[in-house]
Amino acid sequence: MGGNKQLGSLLAARFGKYAESESGEGRIVFWEDDEGAYADTVETLIGPTATSAALRDVELIRLTNANPFGVKYRVLREQPDTKFLIYRNAAEPGNRHPDDEHNWLLDLELAYGPVFSADRLMLILNETMPKDAGSETRDAWLDVMRRTKPFFDDDGDVNTLAERMSADDDARTMQAKMIAVLLNLPVGRNSLQDIWRRLLEQYAEDDDSGIESIRKAGLLEFHWKGTTGIYRYAAYEESEAPIHPQSSLTTAPAGGSGSVPTVKDFVLWLFKLAWNDFSDGDAGPDRYANIRRDFEGWRNDRTFTDTFKQLSEQVFDELMLSRDIVAMPLKKLVRRSLFSEVDEQIVTLLYQEIGNETIADDDVQAIIRERTPHIWYDDYRIDYEAIGAASRLRAMLDEGEGIIDDIDSPGRGFSMYAQRLYQADQAYREFIRAWKRQGRRAEASAIRDDLELRYSRFQSRLGETWQRQIDRLDHWGIDDVPAQQDFYRKHVRKTVDGGRKIAIIISDALRYEVAQSFADRMRSQNRWNATVEAQLGVLPSYTQLGMAALLPHKTLAFSTNDHYSVLVDGMPSQGMGNRNAILAKVGGAAVDDETLMGLNREGSRELVKSHKVLYVFHNTIDHAGEGDEAATFGACERAIVELDGIVKKLANANVTNMIVTADHGFLYQDHDVADGEWLSEQPKGDAVWQRKRRFVIGSNLAESPSFTTFTASQLGIEDAAGEGVSVQVPVSIHRLRKQGGGVRYVHGGASLQEIVVPVVRISKGRSAAQDVRPVEFRILQRTDRITTGQLTVEFQQTEPVGDKVAQRTVFAGLYGVGGGEAVPISNEVPLTFRSESPEARDRHVAATFLLTSEADRFNDTMVELRLSERIAGSNQRRMLEQKADYLLKRSLFADDGFDF
């Protein structure tokens, strides 16, 4: 900026107001030229030859101390409608601007002010800054401008600053806004927290442009003094020499007079202070309350996560904390969260303690829950999941092994598995899945080997105990346990006969424990509910017989052609065409899941509309298990997701009654079958038609201690041709030796894992009562006063986390309220309510709030404990209704000495 063109433009802006002014604003402009620099050119700026039309009718009056009365008479009496530029050359001897007492034109200057000046800073002050600011405020602004002239060399920065300034801004606010402009911060974001956040973001990316702009603008001293006053930054306190705009930014901190801190110095100081819980050993916790508040604000802001991680990684080695972390016990480490090395050490210690069996499962799960909200958790999620799964598996095996001996009847064994023992198989599946993803297989291989061995023993012991109950049966059935062969009559017929539609989803090899996981997934979603029942699967527990048993029928029989496929009321049941023919008799239809999912909305609705009952056949688990055994558990995870999709597809097609079930379960072990798990004996009889790993179908099979033998009639299967049909299954979990693969994943026998078949009833609520909601909590307010620099508040989670009650994280902080705004006056504490314990005493969470310097101005007033939480799917927050009021009454105050 500069030159006659700029002056003309500024003068035109002043005079241009006259055309629309009712009060005469813009008719007269007083120009005070302190140096007389424009004495010879002023006439060229106005008059008929002026560049701007707004200046062509302006008349010039050269003002001296000798002619004020004549000037006043002319502009007010003789030419009351004429525009005048009243110019004073203050460099002329005796023509300085008089003081107010002797200034006879003061009323006009005030009425038509402010006085125009050709001084660059005065021009900016008078022409761009808020004109309703008081004289003292304007003087303070001008003083700042003269100390920071480089800032005002940039037209864009000046205009941006002018847009942000208000008449009541003091010098400190002005400088803070100047820095905000240099850092391109949003309007209204000029606090020290905002400024340092941007500088930290830049530093993390090896960008020093922000702090360099502050230095060049002459604002470096202001910035560091503000950091010292508000944050108690120790390094700068030792140097009181002023910082020159050209000072080096690379000198070390606290190095003597004139040493200039750097952003790196601040970052190192900040992370060391945070590592020490914002205590330097000499001062109380409230000394660093301001920086603690802002630091925790950055750490809790998801949009700052990447920057925080970069900073943490950059400073760790220089702070030399490795030895401290390695020396810390696990309980202390769990409360730390700054560096990834903390999680690395926690994971290492957990692996060690799991391997040594020196830590309880409750403690392991509590530690993992404690780590979940922390910033580095996702980087170690796979390890935490593997550790949690290993610990849970061990706990489930310990519990299961302790209750197996309570199985004293077939009914008790069946119910104990359906109610509790299935969790050991579920934990094993989750363990294998998680363990295969983690990358510490060599380091923790002993844990895997030990748990694999223990699970194998659990399977064998459960199998042997259950076998003793099977040996007591004279037919395949258990009192008070529904049979799979009665599925249609028990679960489907009543709905169909009542004129309501129903869909049956049959997932091949959906083991009972996998169905429980699927039900958990459904219950965790809004409006959806799922209940799981157990029914006794058919024997042999293989696909053709299990699928046939689920169809409407009176009789089941093996085909005399192969004695493997199954006839339903004399009709073949294998394949979609045959199943459609069987279901057509009851107004039903059969479809595979791929066909259903490929239909558009109209097509799926038409399919449902045209049938009373729809059977959907899904085959993910069995297909994987028989094709690639190692992929079995991965297929279980996919099946859960796919079944979720099928259920929702049917719901969108107006199906309200749905059941998910299976044809059979399976046995699986992720290790080679041991010699003791093979049968050395082979089946014998008049004929052996089918010999599989887990079952044999033949004619008059010879009984043997190695097999459980049932006739067709004992199994509820017809032998219309009188062939002496009988079935044998290896005792316990043993396999038959035969050529080919398929030894880890098997089914067909009578183990609980194979024959406890799930029946999952799915329902979708129409009201919010079925929605998943966050867990409730309350504030336990023990006092209504704050008399020191900190306050500890206890919160109680009022209910356990469960199916429809989800954990939640809220952010709590103290706020002073005044002038229609809420001002944070403490650090912000994240609180996670995630306890599943039914005991109220286990569901308490405490938080300590440290008052910042902002709290002083709210002394003797009521302040509020406020809570907020993130809006799902965004980084925005909403305020919660829960709050508590406290009277802040402190007798001592800390003088921060400086504030933005």
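A word on the overall build of the protein
Regarding its fold elements, the protein presents 31 helices and 32 strands. Over its C-alpha atoms the protein spans a radius of gyration of 41 Å, topping by over 25% the 29 Å that the globule rule assigns to 900 residues. Expressed as a percentage of its 900 residues, the buried residues of the protein come to 53%. Nonlocal contacts in the protein, meaning residues at least 24 apart in sequence, comprise 71% of its contacts between residues at least 6 apart. The averaged location of the 140 negative side-chain charges in the protein is 5 Å from the averaged location of its 109 positive side-chain charges.

Structural notes on the sheet that holds strand β17 (residues 707–711)
Across the sheet, 4 strands lie side by side as β15-β16-β18-β17; this open sheet has antiparallel pairing. Of all strands in the sheet, those with a lone pairing partner are β15 (687–691) and β17, marking the two edges. Going across the sheet, the axis of each strand differs from the next one's by a mean of 25°, ignoring polarity. With 4 bridges connecting them, β15 and strand β16 (residues 696–699) associate as antiparallel partners. Paired with Gln690 across the strands is Ile697, a residue of β16.

Observations concerning a negative patch on the surface
A grouping of Glu205, Asp206, Asp207, Asp208 and Asp306 is seen on the molecular surface, where their side chains present a negatively charged patch. Within the secondary structure, Glu205 sits in the loop between α9 (192–204) and α10 (209–216).

Here we look at the packing of aromatic side chains
Ring pairs (aromatic) are described by centroid distance and by the angle formed between their planes. Scanning the entire structure with this criterion turns up 38 aromatic pairs. Centroid distance Tyr377 to Tyr384: 5.3 Å. Interplanar angle 10°. Geometry classified as stacked. Residue classification places Tyr384 among the buried positions, given a relative accessible area of 0%. Ring geometry for Phe431 against Trp435: centres 5.1 Å apart, planes inclined by 40°, an arrangement best described as tilted. Note that Phe431 and Trp435 are positioned in helix α21 (residues 410–437) at a spacing of 4 residues, about one turn of the helix. Just as Phe431 is buried, Trp435 falls in that class too. Pairwise contacts between aromatic rings join Trp196, Trp224, Tyr231, Tyr233, Phe266, Trp269 and Tyr288 into one cluster. Directly above the aromatic system of Phe666 lies the positively charged group of Arg511, at a separation of 4.2 Å from the ring centroid.

A word on helix α26 (residues 576–584)
Buried within α26 we find Arg579, Ile582 and Leu583. Down the axis, α26 shows its buried residues gathered within 95° of arc, on one side only. Contact partners of the buried residues in α26: α25 (543–550), β8 (566–568), β9 (571–572), β10 (588–592) and β11 (613–618).

Concerning the pairing of strand β18 (residues 725–730)
With 6 of its 6 residues buried, β18 lies for the most part within the structure. Residues Val725, Val727 and Val729 of β18 are buried on one face, and the alternating residues Ser726, Gln728 and Pro730, pointing to the opposite face, are buried as well.

Some remarks on the environment of Gln807
Structurally, Gln807 can be placed in the loop between β26 (805–806) and β27 (808–818). Assessed through its relative accessible area of 41%, Gln807 is described here as partly exposed. In this structure the C-alpha to C-alpha distance between Gln807 and Val775, which are 32 residues apart in sequence, comes to 5.7 Å.

A few points about the pairing of β27
Where burial is concerned, most of β27 is hidden: 8 out of the 11 residues are buried. By the bridge criterion, 5 bridges tie β27 to strand β29 (residues 829–833) in an arrangement that is antiparallel. Residue pairing for β29: Ala812 is matched across the bridge by Val829. Taken together, the 6 bridges between β27 and strand β31 (residues 861–870) define a ladder with antiparallel strand orientation. Bridge pairing links Phe811 to Ser868 in β31. Inspection of the sheet shows β27 paired to strand β28 (residues 821–824) by 4 bridges, in the antiparallel sense. Its bridge partner being in β28, Val817 is matched across the sheet by Ala822. Linking β27 to β28, which pair antiparallel, is a turn of 2 residues; within it Gly819 sits at a positive phi near 60°.

So, the packing of α21 against helix α22 (residues 445–470)
The contact between α21 and α22 brings their axes to 12 Å, and the two run at 160°. When the axis of α21 is compared with that of α22, the two are roughly antiparallel. Relative to α22, α21 is oriented so that their crossing is left-handed. Note on element contacts: α22 touches α21 through Ile447, Arg448, Leu451, Glu452, Tyr455, Phe458, Leu462, Trp466 and Gln469, opposite Pro410, Gly413, Phe414, Tyr417, Leu421, Ala424, Asp425, Tyr428, Phe431, Ile432 and Trp435.

Re the nonpolar core
Within soluble globular proteins, side chains that are nonpolar tend to cluster in buried spots. Grouped together as the largest cluster of nonpolar side chains are 201 residues, with contacts concentrated most on Phe152 and Tyr615. Top element by residues in this core is α21. It accounts for 13 residues. Not counting residues within four places of it along the chain, the set of residues in contact with Tyr615 comprises Phe487, Tyr488, Val492, Ile504, Ile506, Leu550, Leu551, Pro552, Leu583, Ala589, Ala590 and Val591. Counting 29 residues, the second largest nonpolar core, distinct from the first, contains Val801, Ile825, Leu831 and Leu865.

Looking at the sheet that holds β8
Taking strand neighbours across the sheet as the criterion, the 3 strands line up as β7-β8-β9 in an open arrangement whose pairing is antiparallel. Sheet topology places β7 (556–558) and β9 at the edges, where each strand pairs with a single neighbour. Alignment of β7 against β8, held across 3 bridges, turns out to be antiparallel. Considered in β8, the bridge of Leu556 is made with Val568. The sheet strands contacting α25 are β7 and β8, and the helix crosses β8 at an angle near 10°.

Comments concerning the pattern of salt bridges
As enumerated under the stated definition, the model contains 58 salt bridges in all. For Asp143, the salt bridge is made with Arg147, and the minimal N-O distance between the two is 3.3 Å. A residue pair is termed a helical-turn pair when its members lie 3 or 4 positions apart in one helix, as Asp143 and Arg147 do in helix α6 (residues 135–147) at 4 residues. Note that Arg189 is salt-bridged to Asp194, the shortest N-O span being 2.9 Å. Residue classification places Arg189 among the partly exposed positions, given a relative accessible area of 41%.

Overview of α9
Between the first and last C-alpha of α9 there are 18 Å, a value that for 13 residues agrees with the 18 Å anticipated at 1.5 Å per step. The element α9 is extensively covered by neighbouring structure, given that 10 of its 13 residues are classed as buried. Among the structural elements, α8 (171–182), α10, α11 (220–231), α13 (263–275), α14 (289–300) and α15 (305–319) are those in contact with the buried residues of α9. Residue Asp206 follows α9 closely and has a positive phi angle near 60°.

Considering the confidence of the model for the protein
Looking at the protein, pLDDT values average 90 and 95% of them are 70 or higher. Between residues 243–258, whose pLDDT stays under 50, and residues either more than four places distant or in other chains, the model counts 37 contacts. With pLDDT under 50 throughout, residues 893–899 is counted as low confidence; its partners more than four residues away or in other chains account for 19 contacts.

Structural notes on the side chain of Glu754
Take Glu754: it is sitting in helix α31 (residues 752–755). Separated by 2.8 Å, the side chain of Glu754 and the backbone nitrogen of Gly749 make a polar contact. A distance of 2.6 Å separates the side chain of Glu754 from the side chain of Ser751, its partner in a polar contact.

A closer look at the environment of Arg454
Position of Arg454 among the secondary structure elements: in helix α22. Note: C-alpha distance between Arg454 and Leu393 (61 residues apart in sequence) is 9.7 Å.

Concerning the side chain of Thr495
Residue placement: Thr495 occurs in helix α23 (residues 487–497). Each residue touching Thr495, except ones within four places of it in the same chain, is listed here: Arg500, Lys501, Ile502 and Asn657.

So, unusual backbone geometry
Backbone torsion omega between Gly113 and Pro114 reads 5°, so that peptide bond is classified as cis. Along the polypeptide, Pro114 turns up in the loop between α4 (106–112) and β4 (116–117). Cis geometry is found at the peptide bond from Leu539 to Pro540, where omega equals 0°. Take Pro540: it is sitting in the loop between β6 (528–536) and α25. A positive phi angle, near 65°, is found at Asp480, a position not held by glycine. Among the secondary structure elements, Asp480 is positioned in the loop between α22 and α23. Accessibility expressed as a relative area gives 83% for Asp480, which makes it exposed.

Reading the values: rules and limits
- Numbers given for residues are sequential positions, taken from 1 along each chain in its written order.
- pLDDT decides what is reported in this predicted model: residues at 70 or higher carry local features, side-chain atom pairs at 80 or more are listed and counted, and totals for whole chains, interfaces and linings draw on all residues regardless.
- Here the side-chain values reflect all heavy atoms present in the structure, with hydrogen atoms and water set aside.
- For helices the rule is a DSSP run of H or I covering at least 4 residues; for strands it is a run of E covering at least 2, with both sets numbered from the N terminus onward.
- Note on method: radius of gyration uses C-alpha positions; expected globular size equals 2.2 Å times residues raised to 0.38.
- The buried label goes to any residue with under 20% of its type's maximum accessible area, the exposed label to any with over 50%, and the partly exposed label to all in between, with areas taken from a 1.4 Å probe on protein chains only.
- In this description, contact between two residues means that some pair of their heavy atoms is separated by no more than 4.5 Å.
- A residue counts as positive if it is Lys or Arg and as negative if it is Asp or Glu; His and the chain ends are not included.
- Charged side chains are reduced to one point each, which is NZ for Lys, CZ for Arg, CG for Asp and CD for Glu.
- Two strands make a pair as long as DSSP finds a minimum of two bridges between them.
- To define axes, lines are fitted to C-alpha atoms, for helices over the stretch in contact only, and angles between the resulting N-to-C directions are given on a 0 to 180 degree scale.
- Patch membership is restricted to residues that have no salt bridge and whose relative accessible area is over 30%. Joining uses 9 Å for like charges and 5 Å for the nonpolar side chains Val, Leu, Ile, Met, Phe, Trp and Tyr.
- Calculation of accessible area relied on Shrake-Rupley with a 1.4 Å probe; when residues are assessed, cover is drawn exclusively from the protein chains displayed.
- Salt bridges are defined by distance alone: a side-chain nitrogen of Lys or Arg within 4 Å of a carboxyl oxygen of Asp or Glu.
- Paired rings are identified among Phe, Tyr and Trp, the last through its six-membered ring, by centres lying within 6.5 Å, and are further divided according to the angle between planes into stacked (under 30 degrees), edge-to-face (over 60) and tilted (the rest).
- Only lysine NZ and arginine CZ atoms are considered, and such an atom sits over a ring when it is within 6 Å of the ring centre and within 35 degrees of the ring normal.
- Note that the arc is defined by the directions from the helix axis to the C-beta atoms.
- For classification purposes, an angle smaller than 35 degrees is called roughly parallel, one larger than 145 roughly antiparallel, one from 65 to 115 roughly perpendicular, and anything else oblique.
- Take the far helix as your reference; a near helix turned counterclockwise from it by less than a right angle gives a left-handed crossing, and one turned clockwise gives a right-handed crossing.
- The definition of a nonpolar core used throughout is a set of buried Ala, Val, Leu, Ile, Met, Phe, Trp, Tyr and Cys residues joined through side-chain atoms within 4.5 Å.
- By this rule, a helix spans an expected 1.5 Å times one less than how many residues it contains.
- The predictor rates its confidence in each residue with pLDDT, a number between 0 and 100.
- Between N or O atoms, a polar contact is any pair within 3.5 Å; within protein, one atom must be a potential hydrogen donor and the other a potential acceptor, and residues adjacent in sequence are included only when both atoms are from side chains.

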